[in-house]
Amino acid sequence: MKKNNRKQERYDDYGRVDCPKICALSGILDDISLSGCKAHFPIMLSVDKDDEYILSIRSSNKYSASQLTMIAHIQWSSFDGQNTSVGFQFLRSPDTPKLASYISLLKDSSENDDNISNLIIASSVDFVKA
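Computed from a prediction, not measured in an experiment: that's the story for all the values here. (Residues numbered from 1 in each chain as written. Predicted model: local features only at pLDDT ≥ 70, side-chain atom pairs only at ≥ 80, totals over all residues. Heavy atoms only, no water.)

Asks: Tell me about the sheet that holds strand β2 (residues 27-32), residues and numbers included.
Replies: Here six strands make up a closed barrel; going around it, the order is β1-β2-β3-β6-β5-β4 and the pairing antiparallel. Neighbour-to-neighbour, the strand axes of the sheet open up by a mean angle of 45°, direction not taken into account. Alignment of strand β3 (residues 36-41) against strand β6 (residues 84-90), held across six bridges, turns out to be antiparallel. Counterpart to Gly36 in the pairing with β6 is Gln89. (Pairing = 2+ DSSP bridges. Helix = DSSP H or I, 4+ residues; strand = E, 2+ residues; numbered from the N terminus. Axes fitted to C-alpha atoms, helices over the stretch in contact; angles between N-to-C directions.)

Asks: An account of the packing of aromatic side chains is requested, with residue identities and associated values reported.
Replies: The final tally for this structure, using the stated rule, is zero aromatic pairs. One Lys or Arg, Lys21, reaches over the ring of Tyr53 and ends 5.5 Å from the middle of that ring. (Phe/Tyr/Trp six-rings, centres within 6.5 Å; stacked < 30°, edge-to-face > 60°. Lys NZ or Arg CZ within 6 Å of the ring centre and 35° of its normal.)

Asks: Could you give an account of the side chain of Arg10, with specific residues and numbers?
Replies: Relative to the helices and strands, Arg10 is located in the segment before β1 (11-18). For Arg10, a relative accessible area of 13% gives the class buried. A polar contact is formed between the side chain of Arg10 and the side chain of Asp31, at a distance of 2.9 Å. In this structure Arg10 touches Asp31, Ile32, Ser33, Gly36, Cys37, Lys38 and Phe88, once residues within four positions along its chain are discounted. (Buried < 20%, exposed > 50% of the residue type's maximum accessible area, 1.4 Å probe, protein only. Polar contact = N/O pair within 3.5 Å; in protein donor to acceptor, adjacent residues only side chain to side chain. Contact = heavy atoms within 4.5 Å.)

Asks: Describe the state of the cysteines, listing the residues and the values that go with them.
Replies: Within the structure shown, the criterion is met by zero disulfides. Lacking any disulfide linkage, Cys23 is separated from the closest cysteine sulfur, that of Cys19, by 8.7 Å. (Disulfide = S-S within 2.5 Å.)

Asks: Talk me through the pattern of salt bridges; I want residue IDs and the actual numbers.
Replies: Counted according to the given criterion, the structure contains five salt bridges. The salt bridge partner of Asp31 is Arg10, with a shortest N-O separation of 2.9 Å. Of this pair, Asp31 sits in strand β2 while Arg10 sits in the segment before β1, and the two are 21 residues apart along the sequence. Residue Asp31 shares its accessibility class with Arg10, and that shared class is buried. Through salt bridges with shared partners, a single ionic network connects Arg16, Asp18 and Arg58. (Salt bridge = Lys/Arg side-chain N within 4 Å of Asp/Glu carboxyl O.)

Have a look at this one:
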């Protein structure tokens, strides 16, 4: 699925996703939004799209204060021969307010990162002769 077809903007993020109900191994967080996230797991999984799953998400981002506990439904899954990618849709969860705060920080961070003028130290050019 393409990012431009999403209801809400997704932010690239890295971290661990634990969901013991579907896999004993931790998954890798690929991206996150207010409405869901994408993660991949290092094995082939068989998932039930009608079931609810409790996710423990620990981001490695510097803006992340702690782990998020989210309740989610699986929207889609795909296996590429090595990893199973899973798209989760978040339901109302205990940490929904923490998620909203975290997404707000990611949004502010991405807006600052997109502004290249923050990276320019001086606009003058100095030539050095060798």
